[in-house]
Amino acid sequence: MDTLRPLRLAAVTLLLLAAGSARADEAVVPPVAVAAEGAHFRILCHFDNEAVAREALVLAEAAWRPTTAVVGFEPKLEGKIDIHLYRTPEVYRAAEGEITNGTFARNNAFSSWALKTAHIALEPVYSDALLKRVGLTAQTKRNIAHEAAHLIVYYAWRHFRQHPRWLSEGIAIWAADEALVPGGTPKALGTRPFASRRIVRFRALADEDRLPPLDNVVAWDRYRDLGFHDRYAFWWGFFRHLYTGPRREAFQGVLKQIADMPAGGAFTGALRTAMKQALADEDGSFDTLRAELTAFGSQVDGRWDEVIRTMDMRGRTWWQLAFPDSNAICWRNESAGEKPYGILGVFEIQPTDEPQVNVLLGRDEEQGFISVAYRVGSGVSVFRYDAAEDTWTRLAYEDAPSLATAKRHGFLVAVEAGTVTAWLDRQRIVSVDIEDHPLEGAWGLGVQAGGAGVWSNVRLRR
């Protein structure tokens, strides 16, 4: 995200490097507690955690190579590029308010045009004990790499304020993908829930003929009626296709021209002309390119559809943390099938106010899904979520006193002939007939709002 206005630069810099001040909402920006410095970046943590600072530095530096490859050279830096990390969204908003007066309050991450610094909140909110064990979540990792890429572009191209979003966000998305999954193909990215969700969205745009007219994109940076997340999905697919697809030589020729293009209002016209000369049809339209983009979209697919964040894949161990106001939900993007099947593995419920993990079954866009909930201090419940009515109905429940936080539990949720049976540590806990909901749809994993869990060796067994 880019800052729209410069405000009190020296004062703001001093504010962020020294003690903070109270905002109208009484949030306070603490002084920088820990710093980590690398070849190009400096991470400034406004909380005391050296491990997080080092982890963030690795991510920021990982964005340097793919971003400079796009711009075609390494910009000269007078010093290190600063990225500020804040422990909570509330502290982030207090800092952001001093810079942009709330323009990016809801984003929890932005890069300042004026200061050429980035400001990022750790999210979702989780305890210091969890932070020590988990480190940065997948969402925060991506934000760091994404904003680092923006900052590199600010130092490389003097006209960065005039860049269309398909270019500025396209580069940042590409660089973040490369930083997190080096050399990652769409197939490789599709194994990571955050990136996979974006791929799933882009495919839907292509399959449903909802890609915006490319004439409007190139000429006016307009995206018709695409919502916030669909725009990011489009920017992912559009830039990736141009940069790696059959038109890559022509597009890279455009990229080589950008450094010499004029700044100010003339930049838009210069870029538009270069894109038309390199990529348009003889009649000046981009119809052929749009057809190619649609074909590309119909070929990519993600293994996960992360409806509500956030899940971090670390080999066969998956950390899942929920925001305080919504359950985390991550679906496997495949049908379980009509034959008997089971979802099995190991989970470890983390100590939070909501110690519950959920195994999800039978995803149906119109009817909803089934949730098997394992909750510490309670037991195992089977719920049906009715999507049309937005209601939850508990279909069955049994006590499970052995459930505990910070303990590894083996689980199996078995489906056969319309019956769902939940097992815990090889003991059958609860079984119920699901009479009015199909169970052959996708399966998934979740944690309760404000909760956290670790999943290990989870698999579908038919």
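Everything numeric here is computed off the predicted structure, so don't read it as measured data. (Residues numbered from 1 in each chain as written. Predicted model: local features only at pLDDT ≥ 70, side-chain atom pairs only at ≥ 80, totals over all residues. Heavy atoms only, no water.)

1. Some points on the overall build of the protein
Scanning the protein for helices and strands turns up 14 helices and 19 strands. Here the C-alpha radius of gyration of the protein, 24 Å, is about what a compact globule of 462 residues would show, namely 23 Å. Along the first, second and third principal axes, the C-alpha set of the protein runs to 70 × 60 × 35 Å. Within the protein, the proportion of its 462 residues that are buried is 56%. Per element, the accessible surface of the protein, about 19,500 Å² overall, is 48% carbon and sulfur. Averaged over its 53 positive side-chain charges, the protein has a centre that lies 5 Å from the centre of its 58 negative ones. (Helix = DSSP H or I, 4+ residues; strand = E, 2+ residues; numbered from the N terminus. Rg over C-alpha atoms; globule rule 2.2 N^0.38 Å. Buried < 20%, exposed > 50% of the residue type's maximum accessible area, 1.4 Å probe, protein only. Areas by Shrake-Rupley, 256 points an atom, 1.4 Å probe, with all protein chains shown as cover. Lys, Arg positive; Asp, Glu negative; His and termini not counted. Charge placed at Lys NZ, Arg CZ, Asp CG, Glu CD.)

2. What about the pairing of strand β13 (residues 379-386)?
Across the eight residues that make up β13, a large majority, seven, are buried. The sheet contact formed by strand β12 (residues 368-375) and β13 spans eight bridges and is antiparallel. Of the residues in β13, the one forming a bridge with G368 is D386. Connecting β12 to the antiparallel partner β13 that follows it, the hairpin turn spans three residues, and G377 within it adopts a positive phi of roughly 85°. Both β13 and strand β14 (residues 391-399) contribute to a ladder of eight bridges, which runs antiparallel. Pairing of V380 across the sheet is with E398, part of β14. Taking the residues between adjacent antiparallel strands as the criterion, β13 and β14 are bridged by four residues, where D390 takes a positive phi near 55°. (Pairing = 2+ DSSP bridges.)

3. Regarding the packing of helix α11 (residues 228-244) against helix α12 (residues 248-258)
Viewed as axis vectors pointing N to C, α11 and α12 meet at an angle of 105°, and their least axial separation amounts to 6 Å. As judged from the angle between their axes, α11 and α12 are roughly perpendicular. Note on element contacts: α12 touches α11 through R248, F251, Q252 and L255, opposite F239, L242, Y243 and T244. When grouped by side-chain class, the residues that make up the contact of α11 with α12 number five nonpolar, two polar and one charged. (Axes fitted to C-alpha atoms, helices over the stretch in contact; angles between N-to-C directions. Parallel < 35°, antiparallel > 145°, perpendicular 65-115°, else oblique. Contact = heavy atoms within 4.5 Å. Nonpolar A, V, L, I, M, F, W, Y, C, P; charged D, E, K, R; others polar.)

4. Concerning the nonpolar core
By size, the foremost hydrophobic cluster in this structure holds 84 residues, and its most contacted members are I43, I83, L85, W166 and F234. For this core, the leading source of residues is α11, giving nine residues. Discounting chain neighbours no more than four positions away, the residues touching I43 are V34, A35, A36, A53, A56, L57, A60, I83 and L85. One finds I349, Y374, L403 and V458 within the second-largest nonpolar core, a separate group that totals 41 residues. (Core = buried A, V, L, I, M, F, W, Y, C linked by side-chain atoms within 4.5 Å.)

5. Structural notes on the pattern of salt bridges
As enumerated under the stated definition, the model contains 24 salt bridges in all. For D301, the salt bridge goes to R203, with nearest N and O atoms at 3.6 Å. Here D301, found in the loop between α14 (287-299) and β6 (304-308), pairs with R203, found in helix α9 (residues 193-207); they are 98 residues apart in sequence, far enough to count as distant. Accessibility expressed as a relative area gives 37% for D301, which makes it partly exposed. Overall, the relative accessible area of 25% leaves R203 in the partly exposed class. Residues R210 and D230 are paired through a salt bridge, measuring 3.5 Å at the closest nitrogen-oxygen approach. (Salt bridge = Lys/Arg side-chain N within 4 Å of Asp/Glu carboxyl O.)

6. Focus on the side chain of T68
Looking at the element boundaries, T68 is found in helix α3 (residues 64-71). With relative accessibility at 8%, the residue T68 sits in the buried group. Discounting residues that sit within four places of it in the chain, T68 has contacts with F73, E74, P75 and I152.

7. Digging into the confidence of the model for the protein
Detailed conclusions should not be drawn from predicted coordinates in areas where pLDDT is low. Looking at the protein, the pLDDT average stands at 94 and 94% of residues meet or exceed 70. Here residues 1-15 scores under 50 on pLDDT; set against residues more than four positions off or in separate chains, the count is 45 contacts. Below a pLDDT of 50 lies the segment residues 18-25, which in the model reaches 20 contacts outside its immediate sequence neighbourhood of four places, other chains included. (pLDDT = per-residue confidence, 0-100.)

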